[in-house]
Amino acid sequence: MQFGNKIAILSGDFLLANACNGLALLQNTKVVELLASALMDLVQGVYHENSTSKESYITDDIGISTWKEQTFLSHGALLAKSCQAAMELAKHDAEVQNMAFQYGKHMAMSHKINSDVQPFIKEKTSDSMTFNLNSAPVVLHQEFLGRDLWIKQIGEAQEKGRLDYAKERGLAVTQTGDAFFMTQRMPLGFLITEALDNGRDFHWKMAKRKIWCTNKSTPGPSNGSATNSMQNLLRERIKAGKGVTSAIDLCRYHGNKALEALESFPPSEARSALENIVFAVTRFS
């Protein structure tokens, strides 16, 4: 494991060094500045996602405007600034560069929302196709529903998953007991993002409370079935609300903004190809 981690880090350093060398050969300080700032935005956005997406962050009241800002950093900045840099290398003026930036920004946002919507619109969703509580449909669902009702829905999913787990394993779920002990409130991060270990001696680590299996001979549920049960219930609640349809509308909004940016460029095969990319990520039928 340690050797693999070292190789991964060295490989990343090698690729970054080659990219920096290629940028230097361009002899264009503005392009270097653009891509350097894009990498800074990317690292900041990904770091924020990884450091807050599991336990604590999902309990915060996240609005769609905040979601857009964070998503641009982690998913949109690199494409937007790369498009702008391409126009700078082609010696286009600031207005054309800005249109290229807008295309990249809205195209990336549209693609991200399309990806977020997929777990909610596919008729047969595989167990491995989970959804994130910070995805666009969930954030919009929370905004329409209200914070209190959203927390209530999560609580109901918690209880259902807890009971399904006990039913599957033939365990009595009580606040105290010799065979099995479970806290009344399971961590939200575990509910959606964590599957149970299949070992005999397992524990879940969470923000404030812990769930312990005191009977060491009792294995955990296979394939994270309790987590799947909770996910399925939340998925159905979100699909029944306005979050999914609003996310689709938001995806198409950004797609239309990307197409508007392309109108400033003359008709060509390249422009048609870029338009087709937008059509592909805004089609949900």
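If you're wondering where the values come from, they're calculated on a predicted model, not measured in any experiment. (Residues numbered from 1 in each chain as written. Predicted model: local features only at pLDDT ≥ 70, side-chain atom pairs only at ≥ 80, totals over all residues. Heavy atoms only, no water.)

(A) Quick peek at the overall build of the protein chain. The number of helices and strands found in the protein chain is ten helices and two strands. When each of the 285 residues of the protein chain is scored for burial, the buried share is 41%. Expressed as a percentage of contacts within the protein chain between residues at least 6 apart in sequence, the contacts between residues at least 24 apart total 71%. With the model as given, the accessible surface of the protein chain reaches about 16200 Å², and the carbon-plus-sulfur share is 55%. (Helix = DSSP H or I, 4+ residues; strand = E, 2+ residues; numbered from the N terminus. Buried < 20%, exposed > 50% of the residue type's maximum accessible area, 1.4 Å probe, protein only. Contact = heavy atoms within 4.5 Å. Areas by Shrake-Rupley, 256 points an atom, 1.4 Å probe, with all protein chains shown as cover.)

(B) Seen up close, the environment of Asn28. Secondary-structure assignment places Asn28 in the loop between helix H1 (2-26) and helix H2 (29-52). For the pair Asn28 and Glu88, spaced 60 residues apart in the sequence, the C-alpha separation amounts to 8.8 Å. Apart from the residues within four sequence positions on either side, Asn28 is in contact with Glu88 and Leu89. Within the structure, the side chain of Asn28 is placed 3.2 Å from the backbone nitrogen of Val31, a separation counted as a polar contact. (Polar contact = N/O pair within 3.5 Å; in protein donor to acceptor, adjacent residues only side chain to side chain.)

(C) Region of interest: the side chain of Gln97. Position of Gln97 relative to the elements: it lies in helix H4 (residues 94-121). The contacts of Gln97, once residues within four sequence positions are left out, are Lys30, Gln84, Met87, Glu88 and His92.

(D) Up close: a nonpolar patch on the surface. On the surface, a cluster of nonpolar side chains totalling about 340 Å² of accessible area is made up of Phe3, Ile7 and Leu10. Its location among the elements puts Phe3 in helix H1. (Patch = residues over 30% accessible without salt bridge, like charges linked within 9 Å, V, L, I, M, F, W, Y side chains within 5 Å. Salt bridge = Lys/Arg side-chain N within 4 Å of Asp/Glu carboxyl O.)

(E) Geometry of the environment of Gly161. Among the structural elements, Gly161 can be located in helix H6 (residues 147-169). With relative accessibility at 1%, the residue Gly161 sits in the buried group. Distance from Gly161 to Asn232, taken between C-alpha atoms, is 9.8 Å for residues 71 residues apart in sequence.

(F) Representation of the packing of helix H3 (residues 64-89) against H4 within the structure. The geometry of H3 relative to H4 is characterised by a closest axis approach of 7 Å and an angle of 140° between their N-to-C directions. With respect to their mutual orientation, H3 and H4 come out oblique. In the crossing of H3 with H4, the sense of the turn from one axis to the other is right-handed. In the contact of H3 with H4, the residues fall into 14 nonpolar, six polar and six charged. (Axes fitted to C-alpha atoms, helices over the stretch in contact; angles between N-to-C directions. Parallel < 35°, antiparallel > 145°, perpendicular 65-115°, else oblique. Left-handed = near helix turned anticlockwise from the far one by under 90°. Nonpolar A, V, L, I, M, F, W, Y, C, P; charged D, E, K, R; others polar.)

(G) Seen up close, the packing of H4 against helix H5 (residues 136-145). Two elements in contact, H4 and H5, have axes whose closest approach is 8 Å; the angle formed by their N-to-C orientations is 75°. As the angle between them shows, H4 and H5 are arranged roughly perpendicular. Contacts between H4 and H5 involve Ile113, Asp116, Val117 and Phe120 on the former and, on the latter, Ala136, Pro137 and Val138. By residue class, the composition of the contact of H4 with H5 is six nonpolar, no polar and one charged.

(H) Main features of the confidence of the model for the protein chain. Looking at the protein chain, pLDDT values average 76 and 72% of them are 70 or higher. Here residues 55-59 is modelled with pLDDT under 50, and outside its nearest four sequence neighbours on either side it reaches 18 contacts, counting other chains as well. (pLDDT = per-residue confidence, 0-100.)

(I) Highlighting unusual backbone geometry. Unlike most non-glycine residues, Gln27 shows phi in positive territory, near 55°. Within the secondary structure, Gln27 is located in the loop between H1 and H2. On the basis of relative accessible area, Gln27 is assigned to the exposed category, the value being 73%. At Lys91, a position not held by glycine, the phi torsion is positive, near 70°. Assignment of secondary structure puts Lys91 in the loop between H3 and H4. Taking relative accessible area as the criterion, Lys91 reaches 70% and is therefore assigned exposed.

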